[in-house]
Each structure stands twice: as structure tokens, then as C-alpha cells.
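A structural walkthrough
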Amino acid sequence: TFGKFVCSKALANETEDVDGKKKVNIKRLISLSYPERFHIFIAFIMLIISSFTNIVSPYFFGSVVDSAVNYTDLTEMNKYIFYLLGIYLLGSLASGIRSWLFEVAGQRVVARLRRQVFNAIIKSDITFFDTSRTGELTSRISSDTQVLQSAVTSNLSMFARYFLQIIGSIIFMFSLEPSLSGLLIGVIPIVSLLTVQYGRYLKKLKKKFQDELAASSVVAEETISSMRTVRSFAAESKMSKEYEINIGKSFDVGKKLAVAQGGFMGFVGMISGGALALVLWYGGKLVHDKKISTGILASFLMYTLQVAMAFAFLSSVYGDFMQALGASQRIFELLDRSPLIKLNSGHVPADEDSFDGSVEFEKVNFSYPTRPQTNVLTDVSLKIEKGKTIALVGPSGGGKSTIFALIERFYDPLSGSITLGSKNLDLKSINTNWLHSKIALVSQEPVLFGGSVKENISFGLNEEIDLEQVIEASKLANAHEFIINFEKGYDTVVGERGIRLSGGQKQRIAIARALLVNPKLLLLDEATSALDSESENLVQEAIERAMKDRTVCVIAHRLSTVRNADRVIVLENGQIVEQGTHDELCSIDGIYKRLVLRQLMSKETNPIDS
Ligand code: ADP
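Residues numbered from 1 in each chain as written. Predicted model: local features only at pLDDT ≥ 70, side-chain atom pairs only at ≥ 80, totals over all residues.

1. A few points about the nonpolar core
A391, L392, V393, I511, A512 and V568 are the most contacted members of the largest nonpolar core, which totals 67 residues. Looking at which element gives the most residues to this core, the answer is helix α19 (residues 503–517), with 7 residues. What V568 contacts, discounting residues up to four positions off in sequence, is A391, V393, V562, G580, T581, H582, L585 and Y592. One finds I26, M46, F61 and A298 within the second-largest nonpolar core, a separate group that totals 65 residues. (Core = buried A, V, L, I, M, F, W, Y, C linked by C-beta atoms within 7 Å. Buried ≥ 20, exposed ≤ 12 C-beta atoms within 10 Å, placed from the backbone. Helix = DSSP H or I, 4+ residues; strand = E, 2+ residues; numbered from the N terminus. Contact = placed C-beta atoms within 7 Å.)

Structure follows, in C-alpha cells:
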């Protein structure tokens, strides 16, 4: 389109001095609005109409003045007034429609982009989340996308519009009085040059401003989301100071921006005032010498104002576009990132029962991508047999949770293999979404989302679930009783901005959630945090029911759990050091025995035979 042409021309200088990547970015930035081409096309026609009315109105304005001066009868003047009114009306109508259409198109572009960015983020591998800060990611979704809104729709067209307006006005001015126009044309190159320089400076400042702002959002995010910790350490003033420092940095950039904007505004005012005075002085002389009519001078003054204004707008549009280019770079990086572990690659086994819950680790070595030099698992070989309960025990940091993370395929092992089922399906060859529908994880500190109890329990399922099924799972998980005691029962809102549940209640909800999925393999991380004894018993009972007739791997902290397990695996420093039943392991004088004597995880409060 014409807009595209004008813009890519105008931006050519900017593009040449950097690498080709930027060129690609500009193209890609503009192409974001491609799906909105219908809206934009109509809006563009409206823009041409309104620009046209802007260009011709000073001409009629001058004619009104001339007919008022030259004719005794006012019919001629009334005719021009009538035309002028019609032109203004048409222009405003077109402007209104244009503005509405561009706004809608821009909103659509941003909404679509936000969806894409959000999806790209949540489909990323867990390693990505280990290395990214939440505040930074949310600021990509909310503020970086916002910057693009107008840039890719109305700004592009505004660019075209003011460009058009300047050219059109100059042509009209020349046809009215070449000598007067020549005077004005001399000023334009100076203004253009300064405008481009200003645009570049503005872009640099705005990018810096956006970066500083993102840094302070990270502080705000982290403080607010861990308010309890902040409060308990009386760290409010410390966090407040940290935020102040960060905001101070963006404020410093903001001040520079203000100076730049003010300075530029003053400059534009001075130039247009000067140009106006110049036109008035020379034009007045021409009128005085009867070389041009008063009306022509009036038209001329209006054109001069129009050109000056177009320049001012052009520079701000240019600055915005440059800023959008910076923001888009960050967004495109995120969109282009290819996850280390893709969610939907790999095959869905044709036979639903090909995974019976059994898992086998064969000489697995692993270290976290964020700390590649530290071995977390060394030559781990283990078997979780169908229908059995395997307990993982060992000192903290031994690698128990890491084994869960590998079974969930949050990470891939460095070497060795993990296979599933009796047919030894390679974990890496299997569709991870399918895998997650067969495995349920109950973690130590279950996370509840800000929805109803029912929504939280049916979280793991995509289809609509009957309340009956939810109730059934809750009964098994010993959660039904306390849920129906809430005023709104299963519709009670929990989590942030809802009812706060006790640790034991949260765990029972998490167990109900896992039961509803009816997993082939249940991964259970027993809570170490102390619950009151009644809650403890209810949770324990729920866990035992959940484990019944199922393949289970449990990170055990309670003696009763390991006693009931079919096999206990002791992990220390990422290695399996002992393996066997509770009784077998107690008969040798090893780590396990020492752990048992120390209540597995030094839970002294528990009686030894709990
Ligand atoms: P356990 O569950 O037995 O307490 P983990 O599997 O959580 O042990 O941890 C094993 C080791 O891996 C520890 O040294 C821990 O610091 C490290 N670790 C755990 N999670 C991560 C992670 N996301 N990134 C880097 N290192 C980690």
C-alpha cells in the first residue's frame, strides 16, 4: 500500500546504518497488521478524503475572504461558505470513521499479539522459566504489546497522511503564488533534518525508559507476590527503597524525555511562528503592492500552519514507530524461541494402555541447565513396577524431586534413558501432553488457582466435568466434608482473593484433583510441614486411598509410608545408595537405618510408629 511505501522510504536511512535484521523487523512489524487489511484499507480511504479536505479548505477560506472584500453582494461569499462548510463536514466525518477503524484494527492486532506471546510463554520449557523473571514476562505481554498498538495501524497511516498533506499543501501554495512558496520551502529541509535527529534521540530515550520501567515492575511483582515473607521479615522499607531506586532510574530518563519533548515543541513553535511572520511580512508586502489578493494571503497563512503542524505530528509519529520497533524486537525474540522440549511433538501411542504406570530409569545422568557443572543425578537406574508403591527417601538435596521432574519430562537427562510401560516406550518419543494426562503430581505445597473449589479440583481435565464426579473424588480425598461446610460449597472461590485454606485442606484438594484424573502413575510428594494431628490423619487416609491399586512413586517423609511401600530407594547426592523393603534396609547398618532412627526427615514430633 501507499502507506507502506511512504514509510519504508522514510525509514530507509534508519535502516541502512544498521544490519539487515532491522529491515526484517520493520517488515515483520508492519505485517502484524496484515490480517486487519480490510479495516485499514477503508480507514485509509477515509484518511485520503480527510487529507484532501484539509488541503483544499484553505483555498476556499481565501475565496471567502476575497469575495467579502471584493463584492458588494454577499451571494458569492455565501456560496464559498457553503462549500467550506460541506468540506469541513465531509472531513470530520471521514476523520471520525478513520479514527474508529484504526483504533479497532490496532486493538485487534494487540489482542492477537498478546494471545500469541502468552501462548509462546506457556509453551516454553521449564528451563526457560528457571531463567526468566515473571515480572519481565508479564511486562512483555502487557506493556510491550501496547506500544505496538498504534504503531502498526494508525501511525503508519498518519505518516502517509502528513506526508501527503505536506506535499499537497506545497503544490497548492506554488500554484497560488510561487515566490511566497519559495520562501517557505527554504525552511523545510532544516526542519526535516532536525526532526529526524530528534526522532532518533527520542527512540533511544524511550527504549531506555521502557527497560527501566520493566526493571521496576520486576521488583513490584516479586514484592507483592511474596508479601508474607516481606512482612514477616519487616522488609517493607527495604523493598520500598529498592523500588524507589528503580523508579528513580526511569524517572531520570523521563526527565530527559520531558526536556527533549519540551525543547522540540518549543522549536516547532518557534519555526512555525517564524515562518508565519515571514509569510505575513512578505505576503503583506505583496498585498500592499497589489500583486496578490488578501484572500490568497489568508490561504497561504493557513497552508503554512498546516505544513508546520504536519511536521510536528510527523516527528512524534516517527518517534512512536521507532519505539515500537524496539518493543517488537523483544516480542519477536520471545515468539521465535523454540522450546527445548516441545509440548506437542512426539507420538500419541495408539494403544491407550501402552503405558501401564511403570517407569524405568537406565543409567540416567542429569544436571540442571542453569547449573551445568553440578551433577544432580549420577548413573541412576531404577524401576517403578506396575501397581507397586516405590518410596524415595534420603537427605534433602539428594535428587528425589529431580526424579519427579524427569518423569514429568520438565527436563531431559544428559545421558541414559527413561522408558515407560511394558513396551519400553522412550519418554522422549512420546507426546508430552498425552504423558501428562496419564500422570498426576501431588506436590508438597499444592497450588490453588483463583477459581472455585470445583474448578480447582477439575483443573487437570479439559472437558466439562459433572459435579457428581468431583464430589466422588473429594469424598475419597476426605475433602467433601469441609467443602460442603463452606457457604457456597463447591462454588466457593479459593486462592488469591478467595477463601484461604489450611495446609491440610489444600492437600486434600490436591489429592482430589489427582484422583479425578485417574492417573496411571501417581507422583506424590509427602508434606514435611507439620499439620495438626486431625488434619494429618485425614490427609494420610486420603493418601492411602489414592495409592490403592495404583502405581505410585512417593517422596516419603513419614515412616508409615515407607513401611507400606513395596520398595524403598535411598538417594544421596544424586546416587542410589540403598534399595529394598523397609525390613531389608533396616537389617543393614546403612543410611536408611540412620534416617529411620532420625525419623526420616527429623520429624521429631512424630511418634516412631505413626
Ligand atoms: P530433593 O528433592 O532430594 O531434596 P532435589 O531433586 O530438589 O532434591 O535437588 C537436587 C539438587 O538439584 C540440589 O542440589 C538442588 O540444589 C538442585 N536443584 C533442584 N532444582 C533445581 C533447579 N531448578 N535448578 C538448578 N538446580 C536445582
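2. Looking at the UniProt feature "domain: ABC transmembrane type-1" (unreviewed entry) in the protein
Those residues carrying the UniProt feature "domain: ABC transmembrane type-1" (unreviewed entry) are residues 41–323 in this numbering. In the segment residues 41–323, helix accounts for 92% and strand for 0%; the C-alpha atoms at its two ends are 24 Å apart. (UniProt positions renumbered as here; feature names shortened; annotations may be inferred.)

3. What to know about the site of the ligand
Near the ligand you find 13 residues, and of these Y368, G398, K400, S401 and T402 are the closest. Here the shell around the ligand takes 3 residues from helix α14 (residues 400–407), the largest share from any one element. A class-by-class count of the residues in the shell around the ligand yields 2 nonpolar, 8 polar and 3 charged. (Near = placed C-beta within 6 Å. Nonpolar A, V, L, I, M, F, W, Y, C, P; charged D, E, K, R; others polar.)

4. Comments concerning the domain arrangement of the protein
When cut into domains, the protein gives domain 1 (2–336) and domain 2 (357–602). For domain 1 and domain 2, the distance between their C-alpha centroids amounts to 55 Å. Between domain 1 and domain 2, the residue contacts involve 4 residues of the former and 4 residues of the latter. Of the residues in the side of domain 1 that touches domain 2, the class split is 1 nonpolar, 2 polar and 1 charged. (Domains from an automatic or database assignment.)

5. Some thoughts on the sheet that holds strand β5 (residues 425–426)
Spatially, the 4 strands line up as an open sheet ordered β2-β1-β4-β5, and their pairing is antiparallel. Two strands lie at the open edges of the sheet, namely β2 (377–384) and β5, each paired on one side alone. Relative to strand β1 (residues 359–366), α14 is tilted by about 115°, and along the sheet it contacts β1, β2 and β4 (415–420). (Pairing = 2+ DSSP bridges. Axes fitted to C-alpha atoms, helices over the stretch in contact; angles between N-to-C directions.)

6. Section: the pairing of strand β3 (residues 389–393)
For a regular strand, side-chain orientation follows a simple rule: the groups alternate between the two sheet faces. Burial of β3 is extensive: 5 of the 5 residues sit out of reach of the surface. Relative to strand β8 (residues 551–555), β3 is paired through 4 bridges, and the arrangement is parallel. Each bridged residue has a counterpart across the sheet, and for I390 the counterpart in β8 is C553. Here β3 pairs with strand β9 (residues 567–572) via 4 bridges, running parallel. Each bridged residue has a counterpart across the sheet, and for A391 the counterpart in β9 is V568.

7. Looking at the environment of A440
As for its position among the elements, A440 is in strand β6 (residues 439–442). Judged by C-beta crowding, with 23 C-beta atoms within 10 Å, A440 ranks as buried. The spacing of A440 and Y201 is 239 residues in sequence and 54 Å in space, taken between C-alpha atoms.

8. Some words on the packing of helix α10 (residues 188–225) against helix α12 (residues 236–288)
Remark: α10 packs on α12, axes separated minimally by 9 Å, with the N-to-C direction vectors making an angle of 160°. When the interaxial angle is binned, α10 and α12 end up roughly antiparallel. Judged by the twist between their axes, the crossing of α10 over α12 is left-handed. In terms of residue class, the contact of α10 with α12 is made up of 20 nonpolar, 5 polar and 5 charged. (Parallel < 35°, antiparallel > 145°, perpendicular 65-115°, else oblique. Left-handed = near helix turned anticlockwise from the far one by under 90°.)

9. Points about unusual backbone geometry
Within the chain, R409 stands out as a residue other than glycine whose phi angle is a positive 55°. In this structure, R409 sits in the loop between α14 and β4. Taking the number of C-beta atoms within 10 Å as the measure of exposure, R409 has 21 and is therefore buried. Of note in this structure, N424 is not a glycine but carries a positive phi near 50°. Mapped onto the secondary structure, N424 falls in the loop between β4 and β5.

10. Side note on the environment of M173
Structurally, the position occupied by M173 is in helix α8 (residues 154–176). Residue classification places M173 among the buried positions, given that 24 C-beta atoms sit within 10 Å. Here the alpha-carbon distance between M173 and Y303, two residues 130 residues apart in the chain, equals 7.2 Å. Excluding residues within four positions of it along the chain, M173 makes contact with S181, L184, F300 and Y303.

11. A short note on the sheet that holds β3
Read from one edge of the open sheet, 6 strands run β6-β7-β8-β3-β9-β10, paired in mixed fashion. Bordering the open sheet on either side are β6 and β10 (575–580), each of which pairs with just one other strand. When strand polarity is set aside, the average angle formed by the axes of neighbouring strands in this sheet is 20°.

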